[in-house]
Amino acid sequence: YHYYDSNGDVTTVNPDNNIDAILNGSKDFVMSNAFISNNFNQPGIVVGVPVKRQGEIIGMIGGNVFISDLSNVLGRTFLNGSGYAFIIDHNGQVIYHPNTSFILNLDPLKAYEKGFVGLENVGKAMMDGQSGTGHFTDEQGIERYVSFKPIEGSQWSIGIASFKSKVFDSIRTLITSVIIISVM
């Protein structure tokens, strides 16, 4: 397979199941595994859709999405500083994490090697496409609760990790409020 970049240069692409799935019509959208871009030397993915003429697939169009684009959204969206979001794929690759040194470098099943405790259970469940909750201790010794869910249309799962202390602070506040209301 060949593709043309924005300069009109032709590059050969190794065939993969994603390209075949678009060209044989079995999928209307594909997303590659994460990789380090040869041209830009940064982590990214390729997304693609079929190009049709009179209902017949004549090719595909796709583009790179850089992981840094995810950090622009996820890095400022979650938990008001009391936690963070992270994404892993079905192979256990960390696709997004606010600690960028973990992106494509941290295997959740071997995270104990980097000082994590219990992350392998959460990671395995996420890799298996499950939804759920769990807990782990991070590399800094901070206990965290995590809620996770597969991202529809992908082989990725997103996890939201929050400080254990913040979770219990919210529960204490709720209990206190219920007691005050019931006494009134």
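Reading guide: rules and limits
Residues numbered from 1 in each chain as written. Predicted model: local features only at pLDDT ≥ 70, side-chain atom pairs only at ≥ 80, totals over all residues. Heavy atoms only, no water. Helix = DSSP H or I, 4+ residues; strand = E, 2+ residues; numbered from the N terminus. Contact = heavy atoms within 4.5 Å. pLDDT = per-residue confidence, 0-100. Phe/Tyr/Trp six-rings, centres within 6.5 Å; stacked < 30°, edge-to-face > 60°. Buried < 20%, exposed > 50% of the residue type's maximum accessible area, 1.4 Å probe, protein only. Pairing = 2+ DSSP bridges. Core = buried A, V, L, I, M, F, W, Y, C linked by side-chain atoms within 4.5 Å.

1. Structural notes on the environment of Gly 63
And step 1. Of note, Gly 63 is situated in strand E6 (residues 56-66).
And step 2. With 32 residues separating them in the primary sequence, Gly 63 and Met 31 have C-alpha atoms 9.8 Å apart.
And step 3. Excluding anything up to four places from it in sequence, Gly 63 contacts Ile 45, Val 46 and Val 47.

2. With respect to the confidence of the model for the protein
And step 1. In the predicted model, the protein carries a mean pLDDT of 78, and 73% of its residues have values of at least 70.
And step 2. When pLDDT is averaged over each element of the protein, helix H3 (residues 119-127) comes out on top at 95 and helix H4 (residues 164-183) at the bottom at 51.
And step 3. Across residues 170-174, confidence stays below pLDDT 50; counting only partners more than four residues off in sequence or on other chains, it has one contact.

3. A look at the packing of aromatic side chains
And step 1. Inspection of the entire model under this criterion finds three aromatic pairs.
And step 2. Aromatic side chains Tyr 84 and Phe 86 sit 6.2 Å apart centroid to centroid with 55° between the ring planes, which places their arrangement in the tilted category.
And step 3. By relative accessible area, which is 13% here, Tyr 84 ends up buried.
And step 4. Look at Phe 86 and you get buried, because its relative accessible area is 6%.
And step 5. Measuring from centroid to centroid gives 6.2 Å for Phe 116 and Phe 136, while their planes differ by 45°, and the two rings are tilted. You can see Phe 116 sitting in the loop between strand E8 (94-96) and H3 and its partner Phe 136 sitting in strand E9 (residues 132-137), a full 20 residues away along the chain.
And step 6. Three or more aromatic residues link up through ring pairs in this structure, and these residues are Phe 102, Phe 116 and Phe 136.

4. Structural notes on the pairing of strand E7 (residues 83-89)
And step 1. Counting buried positions along E7 gives seven out of seven residues, so the element sits mostly inside the fold.
And step 2. Burial along E7 is two-sided: Gly 83, Ala 85, Ile 87 and Asp 89 and Tyr 84, Phe 86 and Ile 88, pointing in opposite directions, are all buried.
And step 3. In terms of strand pairing, E7 meets strand E11 (residues 156-163) through seven bridges, oriented antiparallel. Across the sheet, residue Asp 89 finds its bridge partner in E11, namely Trp 156.
And step 4. In terms of strand pairing, E7 meets E8 through two bridges, oriented antiparallel. Note that in E8 the partner of Ile 88 across the bridge is Val 94.
And step 5. Following E7, the chain reverses through four residues before pairing antiparallel with E8; Gly 92 in that reversal takes a positive phi of roughly 90°.

5. Section: the nonpolar core
And step 1. Within the largest apolar cluster, 17 residues are counted, with the highest numbers of intra-cluster contacts made by Phe 86, Leu 106, Phe 116, Leu 119, Phe 136 and Val 146.
And step 2. Those elements that place two or more of their residues in this core are E7, H3 and strand E10 (143-150).
And step 3. Sorting elements by how many residues they give to this core places H3 first, with five residues.
And step 4. If you look at the next biggest cluster of nonpolar residues, it comprises 11 residues, including Ala 34, Ile 103, Leu 104 and Ile 158.

6. Topic: the environment of Tyr 145
And step 1. If you trace the backbone, Tyr 145 turns up in strand E10.
And step 2. Among the residues examined, Tyr 145 registers a relative accessible area of 28% and is labelled partly exposed.

7. Examining the pairing of E11
And step 1. Along E11, six of the eight residues are buried, which leaves the element largely enclosed by surrounding structure.
And step 2. As paired elements, E10 and E11 share seven bridges and run antiparallel to each other. Bridge pairing links Arg 144 to Phe 163 in E11.

8. Looking at H3
And step 1. Within H3, burial applies to Leu 119, Val 122, Gly 123, Ala 125, Met 126 and Met 127.
And step 2. A positive backbone phi angle near 80° is found at Gly 129, which sits one or two residues after H3.

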